[in-house]
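Listed below are the residues making up each chain.
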Amino acid sequence: DEGGADLTVESPMYIGSVSKQFCSTAIMILKEQGKLSVDDTLDKYFPEYQYGKDITIKNLLTMRSGIPNCNAYENAIFSEIDEYNTENVLACFFNQSLNFDPDTSYEYSNPNYFILACIVEQVSGKDYQAFIRENIFEPLEMSNTGFANEIKTDPEWATGLDYNELILPDSDVEMTMDDEIFTAKGAGDIVSNAYDMDKWMTGLVSGKLISRESYEEMIIDYSPDFSTHYGYGLMKTCK
């Protein structure tokens, strides 16, 4: 903005839904460790969910679950609840009817990735942010990358970033970082810069985090009848 710092490769930026790539990679890390399968159904992790036996982790990854990108998601995120109140957010999702039978269609839905982040926590026994930091940020030496809720405690990140008016993708709701609010865990919660994002893309493709086989699985176009070419948090842009 006017009077702000010049944009450089070190400038911090909210990366929005690119955050989903980190969440899907976390799932693949746990898959390679033998701790989960993408064919697991959600009732294994959320036995209370009425559609749990019909939806797989893979359905969440590929946006083919049928779980709506509902207003309840935004209401839950931006209502006055603290950032650890996961049960309230999940309840909003689990009380919704599906928009279609799982794996019969594609529809972009942020709740899919919030649920995946919760699965990462269940399986790893660690807080989602801690898992991402220990298994992705630190191995790739991404020292300029963190989470949106951390911005207000780090003055350096505020440089060039209007963190009081942070907007979630596909949302008209203003996200005020000065409030104790719930951020979009797994779906759009990361802040980084170009320097670190180069480390991320290079590390993901080169096998520093997951095998080449797992990476190839992530970039398959699972919904070829749609124009998005969506894989696991990644979009295949070339044939």
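Everything numeric here is computed off the predicted structure, so don't read it as measured data. (Residues numbered from 1 in each chain as written. Predicted model: local features only at pLDDT ≥ 70, side-chain atom pairs only at ≥ 80, totals over all residues. Heavy atoms only, no water.)

(A) Structural view of the overall build of the chain. For the chain, the count of helices and strands is nine helices and five strands. When its helices and strands are written in sequence order, the chain yields β-α-α-α-α-α-α-β-α-β-β-β-α-α. Burial analysis of the chain (239 residues in total) assigns 51% to the buried set. Considering only residue pairs separated by 6 or more positions, the chain has 71% of its internal contacts joining residues 24 or more positions apart. Of the accessible surface of the chain, which amounts to about 11400 Å², a share of 45% is contributed by carbon and sulfur atoms. (Helix = DSSP H or I, 4+ residues; strand = E, 2+ residues; numbered from the N terminus. Buried < 20%, exposed > 50% of the residue type's maximum accessible area, 1.4 Å probe, protein only. Contact = heavy atoms within 4.5 Å. Areas by Shrake-Rupley, 256 points an atom, 1.4 Å probe, with all protein chains shown as cover.)

(B) Highlighting helix H1 (residues 19-32). Its 14 residues place the ends of H1 20 Å apart at the C-alpha level, agreeing with the 20 Å of an ideal helix rising 1.5 Å per residue. Among the residues making up H1, those that are buried are Ser19, Lys20, Gln21, Phe22, Cys23, Ser24, Thr25, Ala26, Ile27, Met28, Ile29 and Leu30. Against the buried residues of H1 lie helix H2 (57-61), helix H5 (111-124), helix H6 (128-137), strand S5 (190-192), helix H8 (194-206) and helix H9 (212-218). Phi for Gly34, located one or two positions after H1, is positive at around 75°. (Expected span 1.5 Å × (residues − 1).)

(C) Highlighting the nonpolar core. Counting residues in hydrophobic clusters, the biggest one holds 57 residues, and the most contacted among them are Phe46, Ile57, Ile115, Ile119 and Ile136. Secondary-structure elements contributing two or more residues to this core are H1, H2, helix H4 (86-94), H5, H6, H8 and H9. (Core = buried A, V, L, I, M, F, W, Y, C linked by side-chain atoms within 4.5 Å.)

(D) Structural view of the packing of H1 against H6. As a packed pair, H1 and H6 sit with axes 10 Å apart at the nearest point and diverge in direction by 75°. With respect to their mutual orientation, H1 and H6 come out roughly perpendicular. Taking contact as the criterion, the partners of Phe22, Cys23, Thr25, Ala26, Ile29 and Leu30 in H1 are, on H6, Tyr128, Phe131, Ile132, Asn135, Ile136 and Phe137. Class assignment for the residues of the contact of H1 with H6 results in ten nonpolar, two polar and no charged. (Axes fitted to C-alpha atoms, helices over the stretch in contact; angles between N-to-C directions. Parallel < 35°, antiparallel > 145°, perpendicular 65-115°, else oblique. Nonpolar A, V, L, I, M, F, W, Y, C, P; charged D, E, K, R; others polar.)

(E) Representation of the sheet that holds S5 within the structure. If you trace the three strands from one edge of the open sheet to the other, you get S1-S5-S2, paired in antiparallel fashion. Each edge of the open sheet is held by one strand with a lone partner, namely strand S1 (13-14) and strand S2 (146-147). The sheet contact formed by S2 and S5 spans two bridges and is antiparallel. Following the sheet pairing, Phe147 is matched in S5 by Ile190. (Pairing = 2+ DSSP bridges.)

(F) Seen up close, the packing of aromatic side chains. Scanning all chains against the criterion turns up eleven aromatic pairs. Here Tyr49 and Phe94 contribute two aromatic rings whose centre-to-centre distance is 4.1 Å and whose plane-to-plane angle is 20°, an arrangement assigned as stacked. Taken together, the residues Tyr49 in the loop between H1 and H2 and Phe94 in helix H4 connect sequence positions 45 residues apart. On the basis of relative accessibility, which here comes to 8%, the residue Phe94 falls in the buried class. Here the aromatic cluster, defined as three or more aromatic residues joined through ring pairs, consists of Phe22, Phe137, Phe147 and Trp200. Across from the ring centre of Phe114, 5.3 Å away, lies the NZ or CZ of Lys185, which sits over that ring. (Phe/Tyr/Trp six-rings, centres within 6.5 Å; stacked < 30°, edge-to-face > 60°. Lys NZ or Arg CZ within 6 Å of the ring centre and 35° of its normal.)

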